[in-house]
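# Analysis of the macromolecular model
As a plain string of letters, each chain reads:
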Amino acid sequence: MTRIALFLLTIFLSAACSPGVPTDTSQPPGWDAQIAAPAAVDVDPSEGTVEVHLEAKLAQLELRPGVTTTVWTYNGQVPGPVIRAKKGQRLRVVLTNHLPEPTTIHWHGVRVPASMDGTPSAQAPVMPGETFTYSFMLLDAGTYWYHPHISSPGQVGAGLYGALIIEDPGERFFGDELVLVLSDISLEDDGSLSAPDAGGWFGDYFGREGDVKLVNGRVRPVVQGRVRQPQRWRMINASRSRVYKLQLPGVSWVRIAGDGGLIDRPQTGSFVLLSPGERAEIMLSPGGEEGARIDVLSLDADRFHTGTPMPPEPLFTLALTAPSPKEPLPLITEPLRTVEAIDTTQAPTRTIELMEKSLDGVGVLGINGKTTSESEPFDVKVNDTEVWELTNTTPYDHPFHLHGFFFQVLDSDGVPPAAREWKDTIIVGPKKHIRVAIHFDDRPGMWMFHCHILDHADLGMMAMFHVLP
Ligand code: C2O
Ligand code: CU
Ligand code: CU
């Protein structure tokens, strides 16, 4: 076979094998063309494996209209390509580092073996010019994401993040699907990236929020939708510090999934709250007239509890087109799946205090009295179940994130959650007491937990635990 024929065959096979986005084609042609992030190419022709090549490299992109910025990217794009695979498949990702500094990839929320977690305890950093292959089975359907786990405030802040969608082929159809990676970036007047440590200690302590808000790497993009035709939005907060509180005026929606796949029954609410690292999936049905433009609003989540939030800002727009000739699907009201409760009858409780203190005259953040470098990992055993009581003695919100294992929220200040679901990230407000249940399944090794305001993790709010075989 000639080289060109072989090349064409490879393209054909990869196109034939990449999992399709679920659609019933009820939306207008090109409905998501202005907003969707490009999909990753699966280069493995076998049914059991999805293989994706990611090249971490600098690229010039126009993020703020009219100016070019040199950003840090996977495959030249921000966000990186959307990786889609199915539960039960193996994912192989070949990472090549063409950045000016070492990097790794962490698979946020995914139950990987400890050696694939992308943290400094899991692997040696991938040096510039080097390649590293991540390979693991996909155990749980849901909306996940990937990002570096060394120098993460700088690297994530510069554009390194992307979505990982794990589909459950048995799941029902909720609407035409759109993945929304929410992030922000700090740019100087000339369009260059602000320094990762801009603002010094204040930047670390408060957590740097970018001045340009991005939806799939774009400023105020537009998605089209037919009146009353449902869409399924998979939303990921990939910002280094910003908490989103989204309002969809004129749109009926229910939340159907959280961090780790479908929740037990659909939830209604007046806004979608997403702290850094968290995900939410909603099924929505836009009302209104053909031609109407609905701005999705970003409300100030007031994570500093100032009591005087900033005014809402439009984040992206839903443009309504003529209703579908088909009968629209109603928003789901029935139960979505059974989420078995973790049995906590024998479980000991461990207190996790998110706190601040002064160290050599400088304010630092920590967990249980210690900054990251002062703390010693604690031990748990495979098959243990524990209740962790998360508390926050600082005056600001902190999104607590656990690596490797999901948790279930038992209660927040004694109040049980409205839905049962699998989570890996949860915002803990000042003086809150949130009890979560964790079952450590058979994946021994060193794991971490931290505040997902990445500047806070760097300032000491990160700790480790060891799951013993
Ligand atoms: Cu998404 Cu340790 O992080
Ligand atoms: Cu993580
Ligand atoms: Cu924090």
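Residues numbered from 1 in each chain as written. Chains lettered and ligands numbered in written order. Predicted model: local features only at pLDDT ≥ 70, side-chain atom pairs only at ≥ 80, totals over all residues. Heavy atoms only, no water.

Moving on, we get to the overall build of the chain. Counting secondary structure elements, the chain contains four helices and 29 strands. For 469 residues, the compact-globule formula gives about 23 Å, and the C-alpha radius of gyration of the chain, at 22 Å, lands near that figure. Seen through its principal axes, the chain has C-alpha atoms that stretch 65 × 55 × 50 Å. For the chain, contacts bridging at least 24 residues in sequence account for 77% of all contacts bridging at least 6. For the chain, the accessible surface area stands at approximately 18800 Å², while carbon and sulfur atoms represent 55% of it. Of the charged side chains in the chain, 38 are positive and 57 negative; the average position of the first set lies 4 Å away from that of the second. (Helix = DSSP H or I, 4+ residues; strand = E, 2+ residues; numbered from the N terminus. Rg over C-alpha atoms; globule rule 2.2 N^0.38 Å. Contact = heavy atoms within 4.5 Å. Areas by Shrake-Rupley, 256 points an atom, 1.4 Å probe, with all protein chains shown as cover. Lys, Arg positive; Asp, Glu negative; His and termini not counted. Charge placed at Lys NZ, Arg CZ, Asp CG, Glu CD.)

Binding of the copper ion (ligand 3) to the protein goes through His398 (ND1), Cys451 (SG) and His456 (ND1), at separations of 2.0 to 2.1 Å. Between consecutive donor residues of the copper ion (ligand 3), the sequence gaps follow H-x52-C-x4-H. Within this pair, whereas histidine 398 is found in strand S24 (residues 398-402), its partner histidine 456 is found in helix H4 (residues 454-458), the two being separated by 58 residues in sequence. The class for histidine 398 is buried, based on a relative accessible area of 1%. (Donors = N, O, S within 2.8 Å, 3.2 Å for Na, K, Ca; no water. Buried < 20%, exposed > 50% of the residue type's maximum accessible area, 1.4 Å probe, protein only.)

Looking now at the nonpolar core. Taken as a class, soluble globular proteins show a tendency for nonpolar side chains to be buried jointly. By size, the foremost hydrophobic cluster in this structure holds 61 residues, and its most contacted members are Ile83, Trp107, Trp388, Phe400, Phe449 and Phe465. Looking at which element gives the most residues to this core, the answer is strand S1 (residues 49-61), with four residues. Split by domain, the residues of this core number at least three in each of domain 1 (24-167) and domain 3 (349-468). Listed in part, the 26 residues of the second largest apolar core include Ile35, Val215, Ile294 and Val296. (Core = buried A, V, L, I, M, F, W, Y, C linked by side-chain atoms within 4.5 Å. Domains from an automatic or database assignment.)

Time to look at the packing of aromatic side chains. Following the criterion strictly, the structure yields 29 aromatic pairs and no others. Both rings, one in tryptophan 201 and one in phenylalanine 202, keep their centres 5.1 Å apart while their planes meet at 80°; by these two values the pair is edge-to-face. Here lysine 245 stacks its cationic end above the ring of phenylalanine 271, 4.5 Å away from the centre of that ring. Lying over the aromatic face of phenylalanine 405, arginine 443 brings its terminal NZ or CZ to 4.6 Å of the ring centre. (Phe/Tyr/Trp six-rings, centres within 6.5 Å; stacked < 30°, edge-to-face > 60°. Lys NZ or Arg CZ within 6 Å of the ring centre and 35° of its normal.)

What follows covers the domain arrangement of the chain. When the parts of a complex come together, some accessible area is lost, and that lost area is often used as the size of the interface. According to the domain assignment, the chain contains domain 1 (24-167), domain 2 (176-321) and domain 3 (349-468). Here the C-alpha centroids of domain 1 and domain 3 sit 25 Å apart. Residue-level contacts link 18 residues of domain 1 with 19 residues of domain 3. Taken over both partners, the interface formed by domain 1 and domain 3 buries close to 1400 Å², and the fraction arising from carbon and sulfur atoms is 64%. Where domain 1 touches domain 3, the interface holds one salt bridge. The residue arginine 111 makes a salt bridge to aspartate 441 at a minimum N-O spacing of 3.2 Å. Between the two partners, domain 1 and domain 3, sit nine residue pairs in polar contact (both at pLDDT 80 or more). For the side of domain 1 that touches domain 3, the secondary structure elements donating two or more residues are strand S5 (106-108), strand S7 (142-147) and helix H2 (152-157). Residue composition of the side of domain 1 that touches domain 3, grouped by class: seven nonpolar, eight polar and three charged. (Buried area = accessible area lost by both parts, 1.4 Å probe. Salt bridge = Lys/Arg side-chain N within 4 Å of Asp/Glu carboxyl O. Polar contact = N/O pair within 3.5 Å; in protein donor to acceptor, adjacent residues only side chain to side chain. Nonpolar A, V, L, I, M, F, W, Y, C, P; charged D, E, K, R; others polar.)

Metal coordination angles have textbook ideals: 109.5 degrees for a tetrahedral set of four donors and 90 or 180 degrees for an octahedral set of six. Protein coordination of the copper ion (ligand 2) is provided by His106 (NE2) and His401 (NE2), with donor distances spanning 1.9 Å. Of this pair, histidine 106 sits in strand S5 while histidine 401 sits in strand S24, and the two are 295 residues apart along the sequence. Across this residue pair, the class does not change: histidine 106 and histidine 401 are buried.

Moving on, we get to a nonpolar patch on the surface. There is a patch of nonpolar side chains on the surface, built from Trp201, Phe202 and Val362 and spanning about 290 Å² of accessible area. Note that valine 362 resides in strand S21 (residues 362-367). Judged by its relative accessible area of 40%, valine 362 falls in the partly exposed class. (Patch = residues over 30% accessible without salt bridge, like charges linked within 9 Å, V, L, I, M, F, W, Y side chains within 5 Å.)

Another aspect to go through is the sheet that holds strand S2 (residues 69-74). Strand order across the open sheet formed by four strands is S2-S1-S4-S6, with mixed pairing between neighbours. Across the chains shown, the open sheet's two edge strands, defined by having one partner strand only, are S2 and strand S6 (131-137). This sheet shows a mean twist of 20° between the axes of neighbouring strands, independent of strand direction. Sheet topology note: the strand S4 (residues 90-98)/S6 ladder contains seven bridges and is antiparallel. When the sheet's bridge partners are listed, arginine 90 is paired in S6 with methionine 137. (Pairing = 2+ DSSP bridges. Axes fitted to C-alpha atoms, helices over the stretch in contact; angles between N-to-C directions.)

Of the consecutive residues valine 78 and proline 79, the connecting peptide bond is found in the cis state with omega at -5°. Topologically, proline 79 is positioned in the loop between S2 and strand S3 (83-86). The phi torsion at arginine 220 lies on the positive side, around 45°, for a residue other than glycine. Among the secondary structure elements, arginine 220 is positioned in the loop between strand S10 (212-215) and strand S11 (222-226).

Further remarks concern the confidence of the model for the chain. Predicted confidence across the chain gives a mean pLDDT of 94, with 95% of residues reaching 70 or more. A low-confidence stretch, residues 1-20 stays under pLDDT 50, and its non-local contacts, those more than four residues away or across chains, total 15 contacts. (pLDDT = per-residue confidence, 0-100.)

Let's shift gears to the pattern of salt bridges. Considering all chains together, one arrives at 30 salt bridges under this definition. The salt bridge partner of aspartate 264 is arginine 265, with a shortest N-O separation of 3.8 Å. Arginine 265 sits in the partly exposed class, given a relative accessible area of 43%. The residue aspartate 411 makes a salt bridge to arginine 435 at a minimum N-O spacing of 2.8 Å. Here the residue aspartate 411 occupies a position in strand S25 (residues 407-412), and arginine 435 occupies one in strand S27 (residues 433-439), the gap between them amounting to 24 residues. For aspartate 411, a relative accessible area of 11% puts it in the buried group. On the basis of relative accessible area, arginine 435 is assigned to the partly exposed category, the value being 30%. A network of salt bridges, in which partner residues are shared, links Arg84, Glu167, Glu171, Glu177, Arg232, Arg234 and Glu281.

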